[in-house]
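The chain contents come next:
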Amino acid sequence: NAGVTQTPKFRILKIGQSMTLQCTQDMNHNYMYWYRQDPGMGLKLIYYSVGAGITDKGEVPNGYNVSRSTTEDFPLRLELAAPSQTSVYFCASSYTLTGGNEQYFGPGTRLTVT
Amino acid sequence: AQTVTQSQPEMSVQEAETVTLSCTYDTSESDYYLFWYKQPPSRQMILVIRQEAYKQQNATENRFSVNFQKAAKSFSLKISDSQLGDAAMYFCAYMEGAQKLVFGQGTRLTINP
């Protein structure tokens, strides 16, 4: 199993551009998450999904959109990129029937907006 | 909203010694989960240990153990026999509804040879 994969690994955007961060998991996990990590800080939840077709906002959703059409994929869309969105983005997944299950993280995407 | 606080931005320890990383959290829930994640320079987030709040027994995983004080809302991580490979950022995290993680700010651990 590849686990959770993210593409691209690095990206530089100009202000106002848009892009999609890809996330795929091959573990048949029902829950998927997007976090961002600003320099020297912990991760903050952007959006999450409890299954295909179901998404909800996390702590910092402004400026982002998500969709989940399949169990495996959970892309994150940035519209009109701003310097405040410069961060490292992590996708994660878990298999959850009861509480407290481990979240498995991808390797992250480092995004710079200039 | 729940918050997680790690009051030690940086810690250092001699190789083979023991170090304790602190974490406090704020919640009104009685049933929840707490985690410690390790983030080495590779950026990969790695689960170190997990604690269920309704279990009074402290979790242990080999050289890693926790001191869970539910009434004090404290969840510290003890690393015994520190090794060079333990050098990393360590994040304390609280799991709330819908299995969402709330992370602390992190503690950077340096291991001195």
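Figured I'd write up the structure that's included with this text. (Residues numbered from 1 in each chain as written. Chains lettered and ligands numbered in written order. Predicted model: local features only at pLDDT ≥ 70, side-chain atom pairs only at ≥ 80, totals over all residues. Heavy atoms only, no water.)

Here's the deal with the overall build of chain A
Broken down by element type, chain A carries 0 helices and 11 strands. For chain A, the succession of helices and strands along the chain, N to C, is β-β-β-β-β-β-β-β-β-β-β. A compact globule built from 114 residues should have a C-alpha radius of gyration of about 13 Å, and chain A, at 13 Å, falls within 12% of that. Taken over the C-alpha atoms alone, chain A extends approximately 40 × 30 × 25 Å along its principal axes. Within chain A, counting contacts between residues at least 6 apart in sequence, those at least 24 apart form 55% of the total. (Helix = DSSP H or I, 4+ residues; strand = E, 2+ residues; numbered from the N terminus. Rg over C-alpha atoms; globule rule 2.2 N^0.38 Å. Contact = heavy atoms within 4.5 Å.)

Quick look at the side chain of serine 82 of chain B
Mapping serine 82 of chain B onto the fold places it in the loop between strand 9 (74-79) and strand 10 (88-96). At a separation of 2.8 Å, a polar atom in the side chain of serine 82 of chain B contacts the main-chain carbonyl oxygen of glutamate 17 of chain B. (Polar contact = N/O pair within 3.5 Å; in protein donor to acceptor, adjacent residues only side chain to side chain.)

A short note on the packing of aromatic side chains
Tallied over the full model, the rule gives 16 aromatic pairs over all chains. Each member of the aromatic cluster is reached from another via a ring pair, and the members are Tyr31, Tyr33, Tyr35, Phe90 and Phe105 of chain A together with Phe35, Tyr37, Phe91 and Phe103 of chain B. (Phe/Tyr/Trp six-rings, centres within 6.5 Å; stacked < 30°, edge-to-face > 60°.)

With respect to the sheet that holds strand 8 (residues 76-78) of chain A
Strands belonging to one sheet form pairs held by backbone hydrogen bonds; the direction of such a pair is parallel or antiparallel. Residues and elements named next belong to chain A. Taken in spatial order, the 4 strands line up as 1-3-8-7 in an open sheet, and their pairing is antiparallel. Looking at the sheet topology across the chains shown, the edges are occupied by strand 1 (4-7) and strand 7 (64-66). For this sheet the average axis-to-axis angle between neighbouring strands, irrespective of direction, equals 20°. Note: strand 3 (residues 19-25) against strand 8, 3 bridges, orientation antiparallel. (Pairing = 2+ DSSP bridges. Axes fitted to C-alpha atoms, helices over the stretch in contact; angles between N-to-C directions.)

Observations concerning unusual backbone geometry
In this structure, proline 8 of chain A follows threonine 7 of chain A across a cis peptide bond, with omega equal to -10°. Positionally, proline 8 of chain A belongs in the loop between strand 1 and strand 2 (10-13). Phi is positive for asparagine 28 of chain A, which is not a glycine, with a value near 60°. One can find asparagine 28 of chain A in the loop between strand 3 and strand 4 (31-37). When its relative accessible area of 55% is taken as the criterion, asparagine 28 of chain A is described as exposed. Phi is positive for lysine 73 of chain B, which is not a glycine, with a value near 55°. (Buried < 20%, exposed > 50% of the residue type's maximum accessible area, 1.4 Å probe, protein only.)

Thoughts on the nonpolar core
Core analysis: the biggest nonpolar cluster contains 26 residues, and Tyr25, Trp36, Phe75, Leu77 and Tyr90 of chain B have the highest contact counts within it. Residue assignment for this core shows that the elements contributing at least two residues are strand 3 (19-21), strand 5 (33-39), strand 6 (46-52), strand 8 (64-69), strand 9, strand 10 and strand 12 (107-112) of chain B. Tallying contributions element by element places strand 10 of chain B first for this core, with 4 residues. With 20 residues, the next largest nonpolar core counts Phe90 of chain A together with Tyr33, Tyr37 and Met89 of chain B among its residues. (Core = buried A, V, L, I, M, F, W, Y, C linked by side-chain atoms within 4.5 Å.)

Description of the side chain of histidine 29 of chain A
All names here are of chain A. Here histidine 29 is to be found in the loop between strand 3 and strand 4. The exposure class assigned to histidine 29 is buried, which follows from its relative accessible area of 7%. Not counting residues within four places of it along the chain, the set of residues in contact with histidine 29 comprises Arg68, Thr71, Ser93, Ser94, Tyr95 and Tyr104.

Topic: the interface of chain B and chain A
The accessible area lost on association of the parts is a frequent measure of interface size. Facing 18 residues of chain B, the contacting portion of chain A comprises 27 residues. Summed over both sides, the interface between chain B and chain A buries roughly 1,800 Å², with carbon and sulfur atoms accounting for 54% of that surface. Where chain B packs against chain A, one counts 0 salt bridges. Our count for the contact surface shared by chain B and chain A stands at 6 residue pairs in polar contact (both at pLDDT 80 or more). For the side of chain B that touches chain A, the elements supplying multiple residues, two or more each, are strand 5, strand 6, strand 10 and strand 11 (100-103) of chain B. Ranked by residue count, the leading element in the side of chain B that touches chain A is strand 5 of chain B, at 4 residues. Of the residues belonging to the side of chain B that touches chain A, the class tally is 10 nonpolar, 5 polar and 3 charged. (Buried area = accessible area lost by both parts, 1.4 Å probe. Salt bridge = Lys/Arg side-chain N within 4 Å of Asp/Glu carboxyl O. Nonpolar A, V, L, I, M, F, W, Y, C, P; charged D, E, K, R; others polar.)

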